[in-house]
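# A structural walkthrough
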Protein chains: 2
Amino acid sequence: MEKLQSLQRLEEALARLPGVGKKSAERMAYAMLNFSDEDLIEISDAIRELKQNIHFCKKCGMITEEDECEICKDTSRDDDTLLIVSYPKDVITIEKSGTYNGRYHVLGGEFNIAKGIGLESLNIASLYKRIEEEHIKEVVIATNPTVEGETTAHYLAKTLEPYHINVTRLAYGLQMGGNLDYVDPLTLSKALEGRHKI
Amino acid sequence: MEKLQSLQRLEEALARLPGVGKKSAERMAYAMLNFSDEDLIEISDAIRELKQNIHFCKKCGMITEEDECEICKDTSRDDDTLLIVSYPKDVITIEKSGTYNGRYHVLGGEFNIAKGIGLESLNIASLYKRIEEEHIKEVVIATNPTVEGETTAHYLAKTLEPYHINVTRLAYGLQMGGNLDYVDPLTLSKALEGRHKI
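Described below are features of the structure shown in this document. (Residues numbered from 1 in each chain as written. Chains lettered and ligands numbered in written order. Predicted model: local features only at pLDDT ≥ 70, side-chain atom pairs only at ≥ 80, totals over all residues. Heavy atoms only, no water.)

## A look at the overall build of chain A
Short version of the rule: Only DSSP runs of H or I covering at least 4 residues are called helices, and only runs of E covering at least 2 are called strands; the numbering of each starts at the N terminus. This radius of gyration counts C-alpha atoms alone. The globule rule is 2.2 Å times how many residues there are, raised to the power 0.38. Type-normalised accessible area, obtained with a 1.4 Å probe on protein chains alone, sets the label of each residue: buried when under 20%, exposed when over 50%, and partly exposed for intermediate values. Should any heavy atoms of two residues lie within 4.5 Å, those residues are counted as being in contact. In this tally, Lys and Arg are treated as positive and Asp and Glu as negative; His is ignored, and so are the chain termini. Every charge is mapped onto a representative atom, which is NZ of Lys, CZ of Arg, CG of Asp or CD of Glu.
Within chain A, the secondary structure is distributed over eight helices and six strands. Along its sequence from the N terminus, chain A presents helices and strands in the succession α-α-α-β-β-α-β-α-β-α-β-α-β-α. In terms of overall dimensions, chain A is more spread out than a globule: its C-alpha atoms have a radius of gyration of 21 Å, far above the 16 Å expected for 198 residues. On the principal axes, the C-alpha backbone points of chain A span a range of 65 × 45 × 35 Å. Among the 198 residues that make up chain A, the fraction classed as buried is 40%. In chain A, of all internal contacts separated by at least 6 residues, the share reaching a separation of at least 24 is 47%. Seen as two clouds, the 24 positive and the 33 negative side-chain charges of chain A have centres 4 Å apart.

## Topic: the packing of helix α1 (residues 5-14) of chain A against helix α3 (residues 37-48) of chain B
Convention followed: Lines fitted to C-alpha atoms define the axes here, with helix axes fitted over just the stretch in contact, and angles between the N-to-C directions of these axes take values from 0 to 180 degrees. Left-handed describes a crossing in which the near helix is turned anticlockwise from the far one by less than a right angle; the clockwise case is right-handed. In this count, Pro and Cys sit with the nonpolar residues alongside Ala, Val, Leu, Ile, Met, Phe, Trp and Tyr, while Asp, Glu, Lys and Arg are called charged and the others, Gly among them, polar.
For the pair α1 of chain A and α3 of chain B, the least separation of the axes is 9 Å and the interaxial angle reads 140°. By crossing handedness, the relation of α1 of chain A to α3 of chain B is classed as left-handed. Here α1 of chain A contributes Arg9, Leu10 and Ala13 of chain A to the contact with α3 of chain B, which in turn contributes Glu42, Ile43, Asp45, Ala46 and Ile47 of chain B. When its residues are assigned to classes, the contact of α1 of chain A with α3 of chain B shows five nonpolar, no polar and three charged.

## Quick notes on a nonpolar patch on the surface
Residue and element names in this part refer to chain A. We count it as follows: Nonpolar side chains (Val, Leu, Ile, Met, Phe, Trp, Tyr) within 5 Å and like charges within 9 Å form the patches, drawn only from residues with over 30% relative accessible area and no salt bridge. Note on areas: Shrake-Rupley, 1.4 Å probe, and residue coverage restricted to the protein chains presented here. A pairing counts as a salt bridge when a side-chain nitrogen of Lys or Arg comes within 4 Å of a carboxyl oxygen of Asp or Glu.
On the surface, a nonpolar cluster with roughly 280 Å² of combined accessible area is contributed by Leu174, Leu180 and Leu188. Topologically, Leu188 is positioned in helix α8 (residues 185-193). Given the relative accessible area of 37%, Leu188 is considered partly exposed.

## Details of the interface of chain B and chain A
Many authors give the size of an interface as the accessible area that is lost as the parts come together. Note the threshold: Accessible area that two parts lose when put together, with a 1.4 Å probe and added across both, is what the buried area reports.
Of the residues lining the interface, 51 residues belong to chain B; the matching set on chain A comes to 51 residues. Where chain B abuts chain A, roughly 5,500 Å² becomes buried across the two surfaces, and 66% of that area is made up of carbon and sulfur atoms. Per-residue buried area on chain B facing chain A is highest for Met1, Arg9 and Ile47 of chain B; these three make up 14% of the total on that side. Going through the elements one at a time, α1 (5-14), α2 (22-33), α3, β2 (63-64), α4 (70-73) and α5 (88-97) of chain B are the ones with two or more residues in the side of chain B that touches chain A.

## Focus: helix α3 (residues 37-48) of chain A
Where we set the bar: The span one expects for a helix is its residue count, reduced by one, times 1.5 Å.
Compared with the 16 Å implied by 1.5 Å per residue over twelve residues, the 16 Å span of α3 of chain A between its first and last C-alpha is a close match. Every buried residue of α3 of chain A is listed here: Leu40, Ile43, Ser44, Asp45, Ala46 and Ile47 of chain A. Where α3 of chain A is buried, its residues touch α2 (22-32) of chain A together with α1, α2 and α3 of chain B.

Remember that the coordinates give geometry; whether it matters functionally is a separate question.
This is the structure we're talking about:
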């Protein structure tokens, strides 16, 4: 039995979303057959209009619906520290932890040779300008602990040397509440390397 | 930090899909920020137009893009047997197994008091008409082995008594390739009840 075209088309569209395989796309598509027309239009519009009001903060590269993002506009934050992340979502994650009160700079990606993401496609040029103009004293590099994130971090650390400021990297180590049994060997060796007195 | 309105709206829309929780909706929404405008429009359109061409087969209740569904139109199938399922997707599942060659009747749901799904919202009236007009000899009830599916099955079996035809139900039992360790007690007792000579 051939699958209906409208269903097939929707399944293929949904399968592009992260974490959605062929099977879940099928399940979603069939479930949507039971949605009301209003619900389908609301979901459809939310997708279509997603990027219409969202753009990048001209200062830090974070996503915003205004000219400058909320954090850049906030005068109560520490102006001395700049934390560099790869993706806008990382800013939300760090803000949720409530442990950082400085400024951010969002690269919009990480070096990735396989995907052809190089220097020119990242929000890096303005970084050096900001460090000078805003008299930044410390740069915390918080790219992901992956090959791409590490490469990006090393590149940044290298090019930031001439500025004579503190350049730091988030610590590697055990996850709080985790279990030693489940820690991979590389993380364990990093945790041992970074051990400190208690 | 407040979440952007466009993102928030999309996350809420996506969270209505089956199997999509708050966390995955968030992940999907952020991923979609990196989609091209064309891709977003394609997904949006696929959702919006899903039900425009799909309706129910006037004969069996299966979804179709034509007047009558593929199976009802197929003259090579066995006209004596009618298999009753709750949802259109169940037809696809049974067709995939390749073990049934009769006709189908799709109820479009199951009795569910909690959700207010009663007799009138199911495709039942036409069932009795079909049994008479098409001279059906056997009805196989293949609703789900859940409380709702069982209630529906019992109701159907009861109301089909006056027709003096064979009314059967799919067998309960062990799953092929499964392990006895993982079988729930109810299924096990049903499997024992339905034991047969080898």
